[in-house]
Amino acid sequence: MGKDIEVAGASKDYQDPPPAPLIDADELTQWSFYRAIIAEFIATLLFLYITVLTVIGYKSQTDPAKNADACGGVGILGIAWAFGGMIFVLVYCTAGISGGHINPAVTFGLFLARKVSLVRAIMYVVAQCLGAICGCGLVKAFQKGYYNRYGGGANELSDGYSTGTGLGAEIIGTFVLVYTVFSATDPKRNARDSHVPVLAPLPIGFAVFMVHLATIPVTGTGINPARSFGAAVMYNQDKAWDDQWIFWVGPFIGAAIAAFYHQYVLRAGAIKALGSFRSSSNM
C-alpha cells in the first residue's frame, strides 16, 4: 500500500462534513427527519422478523424431542448468514434515507463522533427499539407455540460462560461492527475510491456475519441492543431480563471505543484539535 503524498499548497481532495450540532431544533421541522425515523423503525422490524424466524426455525428443525436430525436446518452458519445478509440488504436500502443504522450501538458511536445530533440519536434509538419489538411481535403472532418453546430468539448468556466473558464478547463484537461502519463510510476513502460508497453495506453485513460466527455460542450474539431488547420484551422470561444489561453495556462500550479509535487515532482527531488549539493560542 502506498502512502498518501501531500503536495505543499494543494487542497484536500475531500472534505470532512461539519460536526453535527448537539441539539438541532430545526430537524424537528423537516420531513426528512421523520422519514429517516420511519426508515429505521421499518428496517429494524424487518431485521428482527427475518432473523428471529431463522433462529426459531433452526431450533425446530433440530429439536431432539421431535427426533429431528441434529445436523439438519441451516445451522449456526445459516443463522450468521441471516443476520449478516439482512444487515447488508437493509443498510443498502436505507443508507440514503437514515444512514442505515438499525442498531442503537451504531447510532451511539456516530453520535460520539458528532455524525448525528443528540435529538436524532435519541429518536433513532426509540424507533429501533420499537421496530425490534414489533418484528418479534410478528414472529410471536404467527408462530406463538414455536416462539415460546424455542426461546423467542432472545439473547442470554450461555451456560458455562462467565458474565465477564459474555460482556467481553459483546464489547469486542460491537467494536468490530462499529469500526467497520466508520471505515466503510469514511469521507476520505469515499473521495479517493468512487466505488466505496456503493460497496459500504457489504463489509458492514460481513462484519455482522463474522461476529455471529464467533459469539453465537457465548451470548447468542447481541451487538445490537434493540435486537436484544425487542426479543426480551416479547419472550419475557427472567433469564433474558437478568442478562439484558450485558447487551446494552457491552455494545455501548464497544461502540465508544471504536468511535475513539477511528476518530482520534486513525483520523488523528486529537492531533488536529491540538494543532488548532496551538494555532489559536499563537494568534
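Provided above is the structure to which this section pertains.
Below: a short report on this structure. Sequence order sets the numbering: in each chain, residues are counted from 1 along the sequence as written. Only residues with pLDDT of at least 70 are given local features in this predicted model, and only at 80 or more are side-chain atom pairs given and counted; all residues enter the totals for whole chains, interfaces and linings. Just so you know, side-chain values use all the structure's heavy atoms and leave hydrogens and water out.

1. Let's talk about helix 9 (residues 201-219)
Thinking step 1. Bend, at a single residue, is the angle you get between axes fitted to the 7 residues ending at that residue and the 7 residues starting at it. Put simply, DSSP H or I for four residues or longer makes a helix, DSSP E for two residues or longer makes a strand, and each gets a number counted from the N terminus. Residue leucine 213 marks the point of greatest curvature in helix 9, where the axis turns by about 45°; the proline proline 217 follows within four residues.
Thinking step 2. Note on exposure labels: buried denotes an accessible area under 20% of the residue type's maximum, exposed denotes more than 50%, and partly exposed covers the range between, all computed with a 1.4 Å probe on protein chains only. Buried residues of helix 9: Pro201, Ile204, Gly205, Ala207, Val208, Phe209, Val211, His212, Thr215, Ile216, Val218 and Thr219, and no others.

2. A short note on the nonpolar core
Thinking step 1. Judged by nonpolar contacts, the single largest core of 49 residues is most densely connected at Phe47, Val52, Cys136, Tyr147, Leu177 and Ile204.
Thinking step 2. Those elements that place two or more of their residues in this core are helix 1 (31-61), helix 2 (75-94), helix 3 (104-112), helix 4 (118-142), helix 6 (163-184), helix 9, helix 10 (225-235) and helix 12 (246-266).
Thinking step 3. Residues count as neighbours in contact if any of their non-hydrogen atoms are within 4.5 Å of one another. Setting aside residues no more than four positions away along its own chain, isoleucine 204 makes contact with Ile87, Val91, Leu177, Thr180, Val181 and Ala184.
Thinking step 4. Each nonpolar core is a collection of buried residues, namely Ala, Val, Leu, Ile, Met, Phe, Trp, Tyr and Cys, held together in the definition by side-chain atoms within 4.5 Å. Counting six residues, the second largest nonpolar core, distinct from the first, contains Ala36, Ile37, Val119 and Tyr124.

3. What to know about the pattern of salt bridges
Side-chain pairs of opposite charge can arise whenever the charged atoms involved come near each other.
Thinking step 1. Within this document, salt bridges are pairs made up of a side-chain nitrogen of Lys or Arg and a carboxyl oxygen of Asp or Glu, the two lying within 4 Å of each other. Per the counting criterion, the structure on display carries two salt bridges.
Thinking step 2. Residue glutamate 27 is joined to arginine 120 by a salt bridge in which the shortest nitrogen-to-oxygen separation is 2.9 Å. Residue glutamate 27 is located in the segment before helix 1, and its partner arginine 120 is located in helix 4; the two are separated by 93 residues in the primary sequence.
Thinking step 3. Residue lysine 239 pairs with aspartate 243 through a salt bridge whose shortest N-O separation is 3.0 Å.
Thinking step 4. Here aspartate 243 falls in the buried class, since its relative accessible area comes to 9%.

4. Let's talk about the environment of phenylalanine 83
Thinking step 1. Relative to the helices and strands, phenylalanine 83 resides in helix 2.
Thinking step 2. By relative accessible area, phenylalanine 83 is classed as buried at 2%.

5. What about the environment of proline 225?
Thinking step 1. Position of proline 225 relative to the elements: it lies in helix 10.
Thinking step 2. Residue proline 225 is classed as buried on the basis of its relative accessible area, which comes to 0%.
Thinking step 3. Residues proline 225 and glutamine 128, 97 residues apart in the sequence, show an inter-C-alpha distance of 9.1 Å.
Thinking step 4. Those residues in contact with proline 225 that sit more than four places away from it in its chain are Asn103, Pro104, Ala105, Gln244, Phe247, Trp248, Pro251 and Phe252.

6. Here's the deal with the packing of helix 10 against helix 12
Between two packed helices, the angle of one axis relative to the other and the distance separating the axes together describe the packing.
Thinking step 1. For helices, the fitted axis covers only the stretch in contact; all axes are lines through C-alpha atoms, and the angles between them, taken along N-to-C directions, range from 0 to 180 degrees. As a packed pair, helix 10 and helix 12 sit with axes 9 Å apart at the nearest point and diverge in direction by 175°. With respect to each other, helix 10 and helix 12 are oriented roughly antiparallel. Here Pro225, Ser228 and Phe229 of helix 10 lie close against helix 12, whose contacting residues are Phe247, Trp248, Pro251 and Phe252.
Thinking step 2. Residues are sorted three ways: Asp, Glu, Lys and Arg are charged, Ala, Val, Leu, Ile, Met, Phe, Trp, Tyr, Cys and Pro are nonpolar, and all the rest, Gly among them, are polar. Looking at the contact of helix 10 with helix 12 residue by residue, the classes come out as six nonpolar, one polar and no charged. An angle counts as roughly parallel when it lies under 35 degrees, as roughly antiparallel when it exceeds 145, as roughly perpendicular when it falls between 65 and 115, and as oblique in every other case.

7. Examining the environment of valine 52
Thinking step 1. Summarising the element assignment, valine 52 is placed in helix 1.
Thinking step 2. The spacing of valine 52 and alanine 82 is 30 residues in sequence and 9.3 Å in space, taken between C-alpha atoms.
Thinking step 3. Setting aside residues no more than four positions away along its own chain, valine 52 makes contact with Cys136, Val139, Tyr147, Gly152 and Gly153.

Purely geometric numbers; function is a separate question.
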